[in-house]
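The chain contents come next:
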Amino acid sequence: MPKLTIRDIDLKNKKILMRADYNVPLDKSSPRQITDDTRIKESIPTIKHLIGQGCSLILCSHLGRPKGKALPEFSLKPVAERLSELLGQEVNPHTNGQSIGVRVKFASDCVGDEVKKLAGSLKPKDILLLENLRFHPEEEKNNENFAKQLSELAEFFVQDAFGTVHRAHASTAGVNKFLPSAAGFLLEKEIKYLGDSLQNPKRPFVAILGGAKVSDKIGVIENLIPKVDAIIIGGAMAYTFLKAQGIRVGSSRVEEDKLEVAKEICKKSGKITFLLPVDHVIADKLDKAANVENTNGIEIKDGWMGVDIGDSSISRYCTVILSAKTIVLNGPMGVFEIDRFAKGTNAISYAIADATSNGAVSIIGGGDSVSAVKKAGLAEKMSHISTGGGASLEFLEGKELPGIAALKDK
Ligand code: AMP
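Since the model is a prediction, treat every value here as computed from it, not as a measurement. (Residues numbered from 1 in each chain as written. Predicted model: local features only at pLDDT ≥ 70, side-chain atom pairs only at ≥ 80, totals over all residues. Heavy atoms only, no water.)

A. Highlighting the overall build of the protein. Regarding its fold elements, the protein presents 16 helices and 15 strands. With the principal axes as the frame, the protein shows a C-alpha extent of 70 × 45 × 45 Å. Put simply, the protein has 410 residues, and 55% of those count as buried. Total accessible area on the protein is roughly 18,000 Å²; 49% of this is exposed by carbon and sulfur atoms. (Helix = DSSP H or I, 4+ residues; strand = E, 2+ residues; numbered from the N terminus. Buried < 20%, exposed > 50% of the residue type's maximum accessible area, 1.4 Å probe, protein only. Areas by Shrake-Rupley, 256 points an atom, 1.4 Å probe, with all protein chains shown as cover.)

B. Representation of the side chain of Thr387 within the structure. Counting through the fold element by element, Thr387 comes out in the loop between β15 (384-385) and α15 (389-396). Leave out the neighbours within four places in its chain, and Thr387 touches Arg39, Glu42, Phe162, Leu186 and Glu190. (Contact = heavy atoms within 4.5 Å.)

C. Region of the structure containing the packing of aromatic side chains. Applying the stated criterion across every chain yields a total of two aromatic pairs. For the ring pair Phe162 and Phe395, a centre distance of 6.4 Å and an interplane angle of 45° mean the geometry is tilted. Highlighted residues: Phe162 in the loop between β5 (156-159) and α7 (170-174) and Phe395 in helix α15, separated in sequence by 233 residues. The pair Phe162 / Phe395 is uniform in exposure class, with both members buried. The ring of Trp304 carries the charged tip of Lys301 above its face, separated from the ring centre by 4.7 Å. (Phe/Tyr/Trp six-rings, centres within 6.5 Å; stacked < 30°, edge-to-face > 60°. Lys NZ or Arg CZ within 6 Å of the ring centre and 35° of its normal.)

D. Representation of the domain arrangement of the protein in the model. When cut into domains, the protein gives domain 1 (15-185) and domain 2 (193-396). Summarising the inter-unit geometry, the C-alpha centres of domain 1 and domain 2 are found 35 Å apart. A buried area of about 620 Å², summed over both sides, lies between domain 1 and domain 2, and 60% of it is on carbon and sulfur atoms. Summed over the three residues of domain 1 that lose the most area to domain 2, namely Glu42, Phe162 and His166, the buried surface amounts to 74% of that side. (Domains from an automatic or database assignment. Buried area = accessible area lost by both parts, 1.4 Å probe.)

E. Broad picture of the pattern of salt bridges. Enumeration over the complete set of coordinates arrives at 23 salt bridges. For the salt bridge of Glu144 with Lys177, the shortest nitrogen-to-oxygen distance reads 3.7 Å. Residue Glu144 is located in helix α6 (residues 144-151), and its partner Lys177 is located in the loop between α7 and β6 (181-183); the two are separated by 33 residues in the primary sequence. The partner of Lys301 in a salt bridge is Glu293, with the nearest N and O atoms 2.9 Å apart. (Salt bridge = Lys/Arg side-chain N within 4 Å of Asp/Glu carboxyl O.)

F. Molecular detail of the sheet that holds strand β10 (residues 280-283). Here three strands make up an open sheet; going across it, the order is β11-β10-β12 and the pairing antiparallel. Looking at the sheet topology across the chains shown, the edges are occupied by β11 (292-294) and β12 (305-309). Recorded for the sheet is a direction-independent mean angle of 30° between the axes of neighbouring strands. The sheet contact formed by β10 and β11 spans three bridges and is antiparallel. Considered in β11, the bridge of Val281 is made with Asn294. (Pairing = 2+ DSSP bridges. Axes fitted to C-alpha atoms, helices over the stretch in contact; angles between N-to-C directions.)

G. Here's a closer look at the site of the ligand. Close to the ligand lie 14 residues, the nearest being Ala212, Gly306, Gly334, Glu337 and Asp368. Within the backbone of Ala236, one N or O atom sits 3.3 Å away from a nitrogen atom of the ligand. If the ligand stood free it would expose 510 Å²; the protein chains cover 81% of that surface. Class assignment of the residues belonging to the shell around the ligand gives a composition of six nonpolar, four polar and four charged. (Near = heavy atom within 4 Å. Polar contact = N/O pair within 3.5 Å; in protein donor to acceptor, adjacent residues only side chain to side chain. Nonpolar A, V, L, I, M, F, W, Y, C, P; charged D, E, K, R; others polar.)

H. Region of interest: empty space enclosed by the protein. On inspection of all chains with the given rule, the structure shows two cavities of 30 Å³ or more. Its volume calculated, the largest cavity comes out at about 70 Å³. Looking at the largest cavity, the residues that line it are Ala20, Asp21, Arg39, Glu42, Ser43, Asp160, Phe162, Gly163, Leu186 and Thr387. Looking at the second largest cavity, its volume works out to about 50 Å³. If you go around the second largest cavity, the residues you meet are Leu329, Gly331, Pro332, Met333, Thr345, Ile348, Ser349, Ser369, Ala372 and Val373. (1 Å grid on protein atoms, 1.4 Å probe; cavity = no way out; pocket = protein on both sides within 12 Å on 5 of 7 lines; lining within 4 Å. Points joined across faces, edges and corners; volume = space filled by probe spheres on them.)

In structure tokens:
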């Protein structure tokens, strides 16, 4: 059932509590500087829409893992400053090219009398960012009283933090009990792409899964087998599958306790195309100065480890990708952080970009895949870059995400 979004309701002049995902990376300097403001930028379309309706906005988020303590290094203050700068660059179409020019106020806590006073004094189009929700242990415990305190700051709740909707926290699944709510534009887009790809995919539907561990992706593979036409496996995950089939994998990274599960998955995948690498780039150690070779076939000799898929695998994988109409990518094909081992990951990214130009829908999820696609300069060519690693995986596993379930159906 589609969820209610801010498009569906008249929110004119309302006071809104908006959950954003401002869990941005910070450097170690003092005061700490934001090293990537993508998540802040991604919240702007929803903010602009609400401000355009004359709403006053109370933004809340978590940052890092302060474990219920008010630790200054996890303060959201730098986010308030960066958001002010970014909104200052946004042009207001109604005022002859002048900027929106909203100065974001900052509250030194997220609940309590001080915050109530600040929230109460907001005028239409004012924006207030609350301090880190996780400074209070009640946030992650989904404490009802804490959720109620948050809800009392506003008249309406907007959920736009896709990165945390797989958690049942006070600001994701608790406040909705006390306030009417709807999804913001970012969440709406995530639900549209991830939801449609699973429920109504254009075919052929191909899932490409890579990364370090089979154990992280078992749920995803099992949920996808009945839905997709092909699954392509790369990364260290592949070696657990190959070893389970009795193939020599040298000292490649293998999860010994998952060999049986890997065998079962191979059996279950009988009706679809299930591709494992047929050759590899191998190294004698996991280091950029390692000795490196390409294998001629599927086996890896003792003392060597698979660090990327080989050329024959690349060409087989690309053929399947180029014929796809829906593509989901989650996880790199090799140790892409080292340039010498990034060829497979890059080749797959280019093939997905080409398929997308030819009309396929492509959905990129997981932090490593997203950064590999960005590094290759291909982000703009993809249909959708998911903003939540854990949340997108749980979506693909077919789980109900508490922060989405808590929103009203249309
Ligand atoms: P994940 O977080 O599960 O998506 O895994 C991403 C990590 O898997 C990256 O840091 C990669 O370097 C790593 N990885 C990918 N392929 C391999 C491989 N063949 N051997 C060891 N690590 C790998």
